[in-house]
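Here are the chains, one letter per residue:
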Amino acid sequence: MIPATSSKLKVLIVDDSSFMRMAIRGILSKAPGVEIVGIAADGMEGVEKALALKPDLITMDVEMPRMDGIAALKQIMAKQPTRVLMVSTLTCEGARATFEALDAGAIDYVPKNVSDCKDAQAMFQKALLEKVHEAALSAIPRRAGIGIVPRVAPPVQVRPSQFAHRRIGYVGIGASTGGPVALQEVISRIPVNFPHGIVVAIHMPKAFTGPYAERLNAKCSLSIREAVDGDIVKGGQVLIAPGGMHTSLVKQGSNIVVKTSPTSEFPQYIYIPSVDQMITSLADASNGAMLGVILTGMGNDGFKGMKHLKEKGGLTLVQNEATSTIYGMPRACIDGKVADVVLPLDQIGFEIGKIG
């Protein structure tokens, strides 16, 4: 359900496929609180209608004639910042284009998985409605495609580490909506000689986590890749939990290793990969010698894991509200009193980097 407001959420649909335009319109026109104010068949028309109609939200296809979705998004963000939800194909190419769109200011994306199969149609409908609901709650992006986070961060206050003299051997990070850009901001500020292993769980489909890890690896000094079953968690390396399954960490001898499992083994988790499962298992495997970090995201995935970590004697850090695209996941930790430290996004990576 779309959040109740004094007026309906005005949506502009931009897609070159008449089938997709009808599918998206059919789904959203039945959603309470949503009004379809326009349809565009390519990026050029999308920009024109975005500026004229001033929608609250735009669903934007990536590949279109005359002007593609990325170029259209950049023009819209430069002239009239608007919440944009990318509609992306479930391919490596689609993933790469989606991450470029998120860097340019898109709020989020929904995988395009519509066919004659009723299950696929139902999955797309559910995902679209969820993403529109989340986007309706998100902050309006800043001008010039810089998202809600300044690309040039203000000076970080020089102060002692919040975690000085504490027992930390590993870092677990969880995120969802707004997470791809936020995580890049965090990881890029951690020095290459960071001595502790980092594991990340971010809600993404299977086809996206590999290209996302490759993108981060190209932009950050740490070694970053998608995790595979049996990986050893090592210092100076970031492992991204693969999409479409759950990731646990288990103790084997003196090492902590990755164990991937089908979703059927953890039916209690609706978010995939589960941040709760990743942090809970890493807390157990490290006997609490870890830092848990929760970044922007809808819902409360990660709260149970952070609560368990606190019970094991571990430390916790969450992103503040002002720099979050969606404050659901961090807020759950704060309201549940399991957050040791709350910081703006531009300071989180520096704080993690202080851990010796």
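What you see is a predicted model, and the numbers here were worked out from it, not measured in a lab.

K.L.:
What am I meant to see in helix α11 (residues 345-353) here?
P.N.:
Side chains that are three or four residues apart share a direction in an α-helix, a result of its 3.6 residues per turn. In terms of burial, α11 is largely enclosed, as seven of its nine residues are buried. By the burial criterion, the buried members of α11 are Leu345, Asp346, Gln347, Ile348, Gly349, Glu351 and Ile352. Here the buried face of α11 lies against β6 (170-175), α6 (179-187), β12 (290-294), β13 (315-319) and β14 (341-343).

K.L.:
Where do I start with the pattern of salt bridges in this structure?
P.N.:
Any two side chains of opposite charge can pair, so long as their charged atoms come close to each other. Within this structure, the stated rule accounts for 15 salt bridges. For the salt bridge of glutamate 45 with lysine 49, the shortest nitrogen-to-oxygen distance reads 3.2 Å. Of the two residues, glutamate 45 and lysine 49 are both situated in helix α2 (residues 43-53); the distance of four residues between them amounts to about one turn of the helix. Assessed through its relative accessible area of 22%, glutamate 45 is described here as partly exposed. For arginine 225, the salt bridge identified is with aspartate 231, shortest N-O distance 2.8 Å.

K.L.:
Would you explain the UniProt feature "domain: CheB-type methylesterase" (unreviewed entry) in the protein in this entry?
P.N.:
In the numbering used here, UniProt assigns the feature "domain: CheB-type methylesterase" (unreviewed entry) to residues 171-352. When the span residues 171-352 is considered, its composition is 32% helix and 25% strand, and the gap between its end C-alpha atoms is 8 Å.

K.L.:
Teacher, can you tell me more about the environment of leucine 291 here?
P.N.:
As for its position among the elements, leucine 291 is in strand β12. For leucine 291 and alanine 52, which are 239 residues apart along the polypeptide, the C-alpha to C-alpha distance reads 48 Å.

Here is what the cut-offs are and how they apply
Residues numbered from 1 in each chain as written. Predicted model: local features only at pLDDT ≥ 70, side-chain atom pairs only at ≥ 80, totals over all residues. Heavy atoms only, no water. Buried < 20%, exposed > 50% of the residue type's maximum accessible area, 1.4 Å probe, protein only. Helix = DSSP H or I, 4+ residues; strand = E, 2+ residues; numbered from the N terminus. Contact = heavy atoms within 4.5 Å. Salt bridge = Lys/Arg side-chain N within 4 Å of Asp/Glu carboxyl O. UniProt positions renumbered as here; feature names shortened; annotations may be inferred.

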